[in-house]
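One letter stands for each residue in the lines below.
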Amino acid sequence: MNRKKLVIVGNGMAPGRMLEDLFEKNREAYDVTIFNAEPRVNYNRLMLSPVLSGEKTYEDIITHGDDWYAENGVTLHKSARVSEIDREARTVTSENGITASYDKLVIATGSSPFIIPLPGKDLDGVLTYRDLDDVERMLETAKRGGRAVVIGGGLLGLEAAAGLRMQGMDVTVLHLMPTLMERQLDPSAGFLLEEEFKRRGIDVRTKANSHEILGDDTGKVRGIRLDDGTEIEASIIVMAVGIRPSVDLARAIGLDTNRGILVGDDMRTSDENIFALGECVEHRGMCYGLVAPLYEMARVIAENLLDGVDAYAGSATATKLKVTGVDLYSAGDFAEGEDREEIVLRDASAGVYKRLVLKDNKIIGAVLYGETSDGPWFFDLLKKGTDVSEMRETLIFGQAYQGGAPLDPTAAVAALPDDAEICGCNGVCKGKIVGTIKEKGLTTLDGVRAHTKASNSCGTCTGLVEQLMQITLGDAYNPAAVTPMCGCTTLGHDDVRRLIKSKELKTIPAVMQELEWTSSGGCAKCRPALNYYLVSDWPDEYADDYQSRFINERVHANIQKDGTYSVVPRMWGGQTSSTELRAIADVVDKFSIPTVKVTGGQRIDMLGIRKEDLPAVWADLGKAGFVSGHAYAKGLRTVKTCVGTDWCRFGTQDSTGLGVRIEKFMWGSWTPAKVKMAVSGCPRNCAEATCKDVGVICVDSGYEIHFAGAAGLDIKGTEVLGLVKTEDEALEHIVAVVQMYREQGRYLERIYKWAKRIGYDEVRRQIMDDADKRKSYFDRFVFSQKFAQVDPWSERVSGKDKHEFRPMAVITREAAE
Amino acid sequence: MTAEIRNWVPVGQLEDIPREGARCVRNGEMTIAVFRTATDDIYALEDKCPHRNGPLSQGIVHDGCVTCPLHNWVISLETGTAQGADEGQTLAFPVRVEETRIYIDLSYSHEVA
Ligand SMILES: Cc1cc2nc3c(=O)[nH]c(=O)nc-3n(C[C@H](O)[C@H](O)[C@H](O)COP(=O)(O)OP(=O)(O)OC[C@H]3O[C@@H](n4cnc5c(N)ncnc54)[C@H](O)[C@@H]3O)c2cc1C
Ligand code: SF4
Ligand code: SF4
Ligand code: FES
């Protein structure tokens, strides 16, 4: 029988599978000829990473060896890149001059790594990660040691980085986005991954934009420079920033192409005798970069080559990172959305994060970190579109938990044996806790913490400890109800603050992971609070997250009801001058500012400024020496003063001078809620210091310091903190009390509420009576001011956050028609 | 049968918008807020809160929603509807992202039901 001729261009994983499918159905239908640009047989590209890390050899990863081709009568031309296809004559010709004719042709050219067009990209030592040759080149350099820089923190880049590290190189990963593998992982899982890589001694830099690759005189790579000027030495640079479908050949012969080679559901290109297969394909607008969909395509082509009518309908994909010791799985679509629900499970002590995204009671996305054994099960439910409402409650715990009646959590704890470990950090077992409660007659959580250390460190076992108290004490246990910060956690503000310090949590994703937030990204209530806590606790290390700030603090002006802004420059202690007033008058004229008003805090408010004008307004004000008045901030606002001994016949001290000094010392600091102060020169109190957050009444013998007043929603006179003799002492005490509040206050809790909560006497004891405590509060404030006292207006005049103030686009009428 | 007319207008690049942030697009009298979520999804709403016209582009973006900066209504980025007990809807525009380019369909919007 005269067999038909099948020619395949490219011998990657997809055609390898296709031939297996084809031969299984019918070994006799075709004479097969393969052209491959690579000088070798078919191997498992996925396993290149274990070859790179040394865990496998090339021989281990061969799919079809030479004997397979012989047995199946397949002609394989190695090192034969196809350069011409004649569709009329139905022949293909390779660069090295081999021609073959076909009845059916399969183009499976895969894809090629994307090379960022950086200066220096052609230097010796700049590599990509795609085939065995790349791996061999990397292994060769690794022998010489030194540093490798991997550009790209996606799947390939991270596998390359881990492999090179295992080969003994120092490794830096540069990633453009804020979190690793952002296309497969949500930020929480990306954070865990980054931590794991750092633990392995890999230097991970996110938001890193490469600028130029540096070479030496011999044309070899010697390092890389980033946009911010940082230079990193390197003996190799691996670019792993993405792939592009290889479509040049198909395009050259006039097949329809877009990003990939366009195919219909039958996998035929625009020429009915030519199929396309694998990563080079674009099907229904999708190009795939993982093998599972390619294998489905392979099956469809095998069927259609035998005159069947199979159709490919697109695939959902799942990703696993193959780095030994890192368990990570992601599948489907895990974007946030209003019609979607999410189920999040975090187990901080085990380093586990799981998130399922549901829509209409079906799983549409899954991200698993640390514990991925249920990945395939979730993926199966996802692909089948199984309705999961029946198992919702236990779904996230995995397949093993299904089927049984849902456990009553308290009963489960009661059933635990006495030697079951409850607190992993401190190694406290159930028997110890129950015994101690009985023996010491403990009735509070704090008591149990003090006596057993259980839940005293990371606090994640608090729930278990409380359940044990419930079981042991019955109704005698009445937990003080803690109001959770928001719907994303069961922890209250105080617990969160305590844990941020004790667990040294220094980023918002870290807090959410370690404290087991139940939402993936927090909400508008907890994010600003966490941002403040981190700014306040780690002033030198934490990078302020502007997207977690309320708009006023993000753009450093006050939003008004019509979406315009108001601007209030600082007038130190409420003093101004003719030059300043003139500058303000000029700005008001120049920008046609509709309203100018004197505020209650002794300064001038310009209202109705368009957002786009803000930087220009600030620039003009800055020229006259003005800085931001932080009239928008949860931070130090104003220090009102009276004229004191300068002018007033009753004045006892230089109240204006002290007010200016306090303001200059403390401006720029962030606080849980706004802080307003005042200094009056005598008890007549013209500056109204006795209804402020902190106030000073000057007297002949010194300075009487007040705190915890209010004149807003609530009205409350201040409490007296104490009397001090000198201005220096007054400053130290005021700073110390504010710092104490900064460290202990709950977000949005004004000083008067905080002080009432912890007790006025306690504040007096720490600030007035305990000189060491006072001094250490003072020192911590001074330290944090080093990072806080930057005028936000001048920063923005010089270009920071430009995007905030300009529209992204202006659509002209014509274009919009 | 009426053909669906789509008018995809390019408005910028993904990187132009900070994650969990928004940028404005001026379209004649109307301002459109274009949002980018933590997971890099893009949504477009008229920059006008259904409550009292607050500029939604200035709000905090979280969990597929934006919280209005004026009185904390929470608005769905996908549909423009107010969440929870509040009632109202703002215009939502279809968005397409190709590679990193963002397009908005100005011919079409989910009208208030
Ligand atoms: C390091 C690494 C790790 C990976 N890990 C995973 C993973 O964990 N999970 C997963 O699903 N996927 C993974 N992938 C992706 C997966 O390997 C690819 O999706 C798959 O191999 C693509 O198969 P293909 O047949 O379409 O193309 P390829 O396997 O790329 O094969 C194309 C072949 O065609 C040849 N060729 C190109 N042009 C011509 C021409 N004109 N003439 C002749 N020959 C030509 C090329 O030399 C190449 O050999 C990984 C990829 C790499 C590089
Ligand atoms: S508070 Fe006393 S010193 Fe100050 S202006 Fe009034 S009367 Fe004069
Ligand atoms: S008193 Fe009320 S209305 Fe007046 S400025 Fe303050 S918040 Fe606005
Ligand atoms: S205007 Fe948006 S909440 Fe009031």
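Okay, so let's go over this structure.

Criteria and cut-off values
- Residues numbered from 1 in each chain as written.
- Chains lettered and ligands numbered in written order.
- Predicted model: local features only at pLDDT ≥ 70, side-chain atom pairs only at ≥ 80, totals over all residues.
- Heavy atoms only, no water.
- Helix = DSSP H or I, 4+ residues; strand = E, 2+ residues; numbered from the N terminus.
- Contact = heavy atoms within 4.5 Å.
- Buried < 20%, exposed > 50% of the residue type's maximum accessible area, 1.4 Å probe, protein only.
- Areas by Shrake-Rupley, 256 points an atom, 1.4 Å probe, with all protein chains shown as cover.
- Buried area = accessible area lost by both parts, 1.4 Å probe.
- Salt bridge = Lys/Arg side-chain N within 4 Å of Asp/Glu carboxyl O.
- Polar contact = N/O pair within 3.5 Å; in protein donor to acceptor, adjacent residues only side chain to side chain.
- Nonpolar A, V, L, I, M, F, W, Y, C, P; charged D, E, K, R; others polar.
- Pairing = 2+ DSSP bridges.
- Near = heavy atom within 4 Å.
- Axes fitted to C-alpha atoms, helices over the stretch in contact; angles between N-to-C directions.
- Parallel < 35°, antiparallel > 145°, perpendicular 65-115°, else oblique.
- Phe/Tyr/Trp six-rings, centres within 6.5 Å; stacked < 30°, edge-to-face > 60°.
- Lys NZ or Arg CZ within 6 Å of the ring centre and 35° of its normal.
- Left-handed = near helix turned anticlockwise from the far one by under 90°.

Moving on: the overall build of chain A. Of the regular secondary structure elements, chain A holds 29 helices and 41 strands. For chain A, the share of sequence-separated contacts (at least 6 apart) that also reach a separation of at least 24 residues comes to 62%.

Our next topic: the overall build of chain B. Scanning chain B from N- to C-terminus turns up zero helices and 10 strands. Mapped from its N terminus to its C terminus, chain B presents α and β elements in the order β-β-β-β-β-β-β-β-β-β. The proportion of buried residues among the 113 residues of chain B is 58%. The long-range fraction of contacts in chain B, counting pairs at least 24 apart against all pairs at least 6 apart in sequence, stands at 39%. For chain B, the exposed surface amounts to about 4,900 Å²; the carbon and sulfur share of it is 47%.

Right, let's get into the interface of chain A and chain B. Of the residues lining the interface, 46 residues belong to chain A; the matching set on chain B comes to 45 residues. Together chain A and chain B conceal approximately 3,500 Å² of surface at their shared face, both sides included; 52% is due to carbon and sulfur atoms. At the junction of chain A with chain B, the criterion picks out three salt bridges. Notably, a salt bridge pairs Arg26(B) with Glu612(A), separated by 2.6 Å at the nearest N-O pair. Applying the counting rule to chain A against chain B returns 15 residue pairs in polar contact (both at pLDDT 80 or more). Elements with a minimum of two residues in the side of chain A that touches chain B: α17 (526-537), α18 (551-555), β41 (809-811) and α29 (813-816) of chain A. Here the side of chain A that touches chain B is composed, by residue class, of 19 nonpolar, 11 polar and 16 charged. For β41(A) and strand β2 (residues 21-27) of chain B, the ladder comprises three bridges, and the chain directions are parallel.

Residues and elements named next belong to chain A. Along the polypeptide, Met13 turns up in helix α1 (residues 13-25). Separated by 285 residues in sequence, Met13 and Ala298 place their C-alpha atoms 9.7 Å apart. If near-sequence neighbours (up to four positions away) are discounted, Met13 is found in contact with Asn42, Tyr43, Asn44, Arg45, Leu46, Val291 and Tyr295.

Near ligand 2, the surroundings consist of Cys642(A), Cys648(A), Phe650(A), Gly651(A), Gly681(A), Cys682(A), Arg684(A), Asn685(A) and Cys686(A). Here the residues of the shell around ligand 2 sort into five nonpolar, three polar and one charged.

All names here are of chain A. Neighbouring residues of ligand 1: 30 residues in total, closest Arg45, Arg130, Glu279, Val291 and Lys322. Within the side chain of Glu279, an N or O atom sits 2.5 Å from an oxygen atom of ligand 1. Separating an oxygen atom of ligand 1 from a backbone N or O atom of Val291 is a distance of 2.8 Å. In isolation ligand 1 offers 1,000 Å² of accessible surface; the protein chains occlude 93% of this area.

Our next topic: the sheet that holds strand β6 (residues 82-86) of chain A. Residue and element names in this part refer to chain A. Read from one edge to the other, the open sheet built from three strands follows the order β6-β7-β8, with strand pairing classed as antiparallel. Looking along the sheet, the strands with just one partner apiece sit at the ends: β6 and β8 (99-101). Within this sheet the neighbouring strands show an average axis-to-axis angle of 20 degrees, counted without direction.

Residues and elements named next belong to chain A. Taken N-terminus to C-terminus, the directions of helix α13 (residues 445-452) and helix α14 (residues 462-473) make an angle of 105 degrees; their axes are 11 Å apart at the nearest point. The orientation of α13 relative to α14 falls into the category roughly perpendicular. The residues of α14 that touch α13, namely those facing Leu445, Val448 and Arg449, are Thr462, Val465, Glu466 and Met469. Here the residues of the contact of α13 with α14 are counted per class, giving four nonpolar, one polar and two charged.

Moving on, we get to the packing of aromatic side chains. All names here are of chain A. Counted by the stated rule, this structure contains 14 aromatic pairs over all chains. Ring centres of Trp68 and Tyr69 lie 5.2 Å apart, and the angle between their planes is 85 degrees; this geometry places the pair in the edge-to-face category. In this structure, Trp68 and Tyr69 share a single accessibility class: buried. Among the aromatic residues, those joined into a ring-pair cluster are Phe23, Trp68 and Tyr69. When the ring centre of Tyr295 is taken as origin, the NZ or CZ atom of Arg17, which lies over that ring, is 3.8 Å away. Lying across the ring of Phe650, Arg684 places its NZ or CZ 3.6 Å from the centre.

Side chains that differ in charge, positive against negative, can pair when their charged atoms come close. Residue and element names in this part refer to chain A. Within this structure, the stated rule accounts for 67 salt bridges over all chains. Notably, a salt bridge pairs Arg205 with Asp203, separated by 3.0 Å at the nearest N-O pair. Asp728 is paired through a salt bridge with Arg661; the nearest N and O atoms lie 2.6 Å apart. Taken as a pair, Asp728 in helix α23 (residues 727-744) and Arg661 in helix α22 (residues 655-666) lie far apart in primary sequence, 67 residues in all. Connected through shared salt-bridge partners, Glu38, Arg40, Arg45 and Asp133 make up one network.

Turning to the packing of helix α19 (residues 578-590) of chain A against helix α20 (residues 614-623) of chain A, a few remarks are in order. All names here are of chain A. Between α19 and α20, whose axes approach to 9 Å, the crossing angle comes to 160 degrees. The orientation of α19 relative to α20 falls into the category roughly antiparallel. Of the two possible hands of crossing, α19 and α20 adopt the one that is right-handed. Between α19, through Ile584, Val587 and Lys590, and α20, the contact on the second element is made entirely by Val617, Asp620 and Leu621. Residue composition of the contact of α19 with α20, by class: four nonpolar, no polar and two charged.

A word on the sheet that holds strand β6 (residues 65-67) of chain B. Residues and elements named next belong to chain B. With respect to topology, three strands assemble into an open sheet ordered β5-β6-β7, the strand pairing being antiparallel. The strands lining the two open edges of the sheet, one partner per strand, are β5 (60-62) and β7 (74-76). Each strand of the sheet is rotated relative to its neighbour by a mean of 25 degrees, with strand direction disregarded. Bridging between β5 and β6 involves three bridges; their strand directions are antiparallel. Looking at β6, one finds that His62 is bridged to Cys65.

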